[in-house]
Amino acid sequence: MTTIYLKKLQDDLKQSEQKLLKLNKNLTDSINYAKHIQDAFTVQTGFLQKLFPNSFIFQKPKDIVSGDFAWAYEKNNETYIGVGDCTGHGVPGAMLSIFVISMLNQIVTIFDHVTSADILDKLDKLMQKYLSQNTEKIKDSVEIALIKYDSINQTLLFSGANRPLIHVRNKTLTIYKGAKVVLGNPLRRKEYVKNVDINIQKDDMLFMFSDGFADQFGGEKNTKFSTKRLLALIQDISELTINEQYEQLKSTFFNWKGDNHQIDDVLLLGIRL
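K.L.:
Can you walk me through helix H6 (residues 227-237) in this structure?
P.N.:
For an α-helix the count is 3.6 residues per turn, leaving residues at separations of three or four pointing the same way. All of the buried residues along H6 are Leu230, Leu231, Leu233, Ile234 and Ile237. For H6, the angular spread of buried residues about the axis comes to 160 degrees, placing them on one side. The elements touched by buried residues of H6 are strand E6 (165-169), strand E7 (172-176), strand E9 (205-209), helix H5 (212-215), helix H7 (242-257) and strand E12 (266-272).

Shown next as structure tokens:
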């Protein structure tokens, strides 16, 4: 009797395991398909390099899809490039990133010669309008660094919401901090987004990134990589070729992380003017 019971129990467990494996495969297939959809909205390296031949995107989602995104739009000899970090990661973060990108595209399509600060201000209002429900507090938000590059006049504008722009010339690094505001959440506003005019020259390097790289735990003491260490790395590799910079960042991240669990989405974008 005991043998028959144990055999039935084993069969039931095996059937349950098969069901779980099938459910997991279906879920993974759905998320992989969702990644194809997200990739269609976000800027990939190939498109970015059409705008700026010497550029790269290092991206490592925590899960298959990501709340971090790169965005680009070209209009009237003006190129807009942004790196955003949406609340959450995985599917919720990815869905929010697609919404934000759609709003950015809508803004620059409707308005001509709009500044980077104007774009973020309009994005903030649209997020509050469409993502709020009744009187509930808004939880969906985005941090973003955004530049506007005028190829005719050779000018560069930067605006940021809690994310910086890093400018490196001849290994001299300058940090342009974003405003202390999280778009879509009026409760996290300490100041308003501003336009920052940046003097640029040929071969200058520009970097924008989410906080995932700096926040990753690893190393001998299992500590955060830190923004300070990331800035030092960027400064050190800034005169290398674009491919060499990408490989250095990639190897540094994975060597630092080691066997640790990745805690957040990672995205870092570099452009040589």
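Read on, since the account is not over.
K.L.:
Quick question: what am I supposed to make of unusual backbone geometry here?
P.N.:
Residues apart from glycine generally show negative phi values, whereas peptide bonds are mostly found in trans. In this structure, aspartate 203 is a non-glycine residue whose phi angle is positive, near 80 degrees. Secondary-structure assignment places aspartate 203 in the loop between strand E8 (196-198) and E9. Although it is not a glycine, serine 226 adopts a positive phi angle of roughly 85 degrees. Within the element layout of this structure, serine 226 appears in the loop between strand E11 (223-224) and H6.

K.L.:
Hey, could you run me through a nonpolar patch on the surface in this one?
P.N.:
On the surface, a cluster of nonpolar side chains totalling about 420 Å² of accessible area is made up of Tyr5, Leu6, Leu9 and Leu13. By relative accessible area, which is 45% here, leucine 6 ends up partly exposed.

K.L.:
Sorry if this is basic, but what is going on with the packing of H6 against H7 here?
P.N.:
Two measures define how a pair of helices packs: the angle their axes make with one another and the distance between the axes. Where H6 meets H7, the closest approach of the two axes is 10 Å, and the angle between their N-to-C directions is 150 degrees. When the axis of H6 is compared with that of H7, the two are roughly antiparallel. Between H6 and H7 lies a crossing whose hand is right-handed. Here Arg229, Leu230, Leu233 and Ile237 of H6 lie close against H7, whose contacting residues are Gln245, Gln248, Leu249, Thr252 and Trp256. Of the residues belonging to the contact of H6 with H7, the class tally is five nonpolar, three polar and one charged.

K.L.:
How do you make sense of helix H3 (residues 90-110) when you look at a structure like this?
P.N.:
End to end, H3 covers 31 Å across 21 residues, agreeing with the expected 30 Å (1.5 Å per residue, within 8%). Residues of H3 that are buried: Gly90, Gly93, Ala94, Leu96, Ser97, Ile98, Val100, Ile101, Met103, Leu104, Ile107 and Val108.

K.L.:
Before we go on, may I ask you to explain the pairing of E7 in this structure?
P.N.:
Consecutive side chains of a regular strand alternate in pointing toward one face of the sheet and then the other. In this structure, E6 lies alongside E7, joined through five bridges in antiparallel fashion. Within E7, the residue paired with arginine 169 across the bridge is threonine 172. Once E6 ends, the chain turns through two residues before running back antiparallel as E7, passing asparagine 170 with a positive phi of about 50 degrees.

K.L.:
It is not clear to me how the packing of aromatic side chains should be interpreted in this structure. Could you clarify?
P.N.:
The tally for this structure, following the rule as stated, stands at 12 aromatic pairs. With 6.0 Å between their ring centres and 65 degrees between their planes, phenylalanine 58 and phenylalanine 253 make a pair best called edge-to-face. Taken together, the residues phenylalanine 58 in strand E1 (residues 55-60) and phenylalanine 253 in helix H7 connect sequence positions 195 residues apart. Ring centres of phenylalanine 225 and tryptophan 256 lie 5.2 Å apart, and the angle between their planes is 90 degrees; on these two criteria the pair is classed as edge-to-face.

K.L.:
Any chance you could explain the environment of tryptophan 256 here in plain terms?
P.N.:
Note that tryptophan 256 resides in helix H7. With 43 residues separating them along the chain, tryptophan 256 and phenylalanine 213 place their C-alpha atoms 9.9 Å apart. Non-local contacts of tryptophan 256, meaning those with residues more than four positions away in its chain, are made with Gln216, Phe217, Gly218, Gly219, Thr223, Lys224, Phe225 and Arg229.

K.L.:
Help me out: how do you make sense of the environment of asparagine 195 in this one?
P.N.:
Along the chain, asparagine 195 falls in the loop between E7 and E8. Residues asparagine 195 and threonine 241 lie 46 residues apart in sequence; the distance between their C-alpha atoms is 30 Å. Filtering out sequence-adjacent residues up to four positions away, asparagine 195 remains in contact with Thr115, Ser116, Ala117, Leu157, Phe158 and Ser159. A polar atom in the side chain of asparagine 195 sits 3.2 Å from the side chain of threonine 115. Here the side chain of asparagine 195 touches serine 116 through a polar contact of 3.1 Å, side chain to side chain.

K.L.:
Looking at this structure, I do not really get the packing of H3 against helix H4 (residues 116-131). What am I missing?
P.N.:
It is at 10 Å that the axes of H3 and H4 come closest, and there the two elements cross at 130 degrees. As judged from the angle between their axes, H3 and H4 are oblique. Between H3 and H4 lies a crossing whose hand is right-handed. Between H3 and H4, the residues in contact are Leu96, Phe99, Val100, Met103, Leu104, Gln106, Ile107 and Val108 and Ile119, Lys122, Leu123, Leu126, Met127, Tyr130 and Leu131, respectively. When grouped by side-chain class, the residues that make up the contact of H3 with H4 number 13 nonpolar, one polar and one charged.

K.L.:
I would appreciate a short explanation of the sheet that holds E6 in the present structure.
P.N.:
Sheets are built from strands paired through backbone hydrogen bonds, the pairs being either parallel or antiparallel. With antiparallel pairing, the five strands of this open sheet are ordered in space as E1-E12-E9-E6-E7. Only two strands of the sheet have a single neighbouring strand rather than two, namely E1 and E7. Ignoring which end each strand starts from, the neighbouring axes of this sheet average 15 degrees apart. Examined bridge by bridge, E9 and E12 share five bridges and lie antiparallel to one another.

Cut-offs applied
- Residues numbered from 1 in each chain as written.
- Predicted model: local features only at pLDDT ≥ 70, side-chain atom pairs only at ≥ 80, totals over all residues.
- Heavy atoms only, no water.
- Buried < 20%, exposed > 50% of the residue type's maximum accessible area, 1.4 Å probe, protein only.
- Helix = DSSP H or I, 4+ residues; strand = E, 2+ residues; numbered from the N terminus.
- Arc of directions from axis to C-beta.
- Contact = heavy atoms within 4.5 Å.
- Patch = residues over 30% accessible without salt bridge, like charges linked within 9 Å, V, L, I, M, F, W, Y side chains within 5 Å.
- Areas by Shrake-Rupley, 256 points an atom, 1.4 Å probe, with all protein chains shown as cover.
- Salt bridge = Lys/Arg side-chain N within 4 Å of Asp/Glu carboxyl O.
- Axes fitted to C-alpha atoms, helices over the stretch in contact; angles between N-to-C directions.
- Parallel < 35°, antiparallel > 145°, perpendicular 65-115°, else oblique.
- Left-handed = near helix turned anticlockwise from the far one by under 90°.
- Nonpolar A, V, L, I, M, F, W, Y, C, P; charged D, E, K, R; others polar.
- Expected span 1.5 Å × (residues − 1).
- Pairing = 2+ DSSP bridges.
- Phe/Tyr/Trp six-rings, centres within 6.5 Å; stacked < 30°, edge-to-face > 60°.
- Polar contact = N/O pair within 3.5 Å; in protein donor to acceptor, adjacent residues only side chain to side chain.

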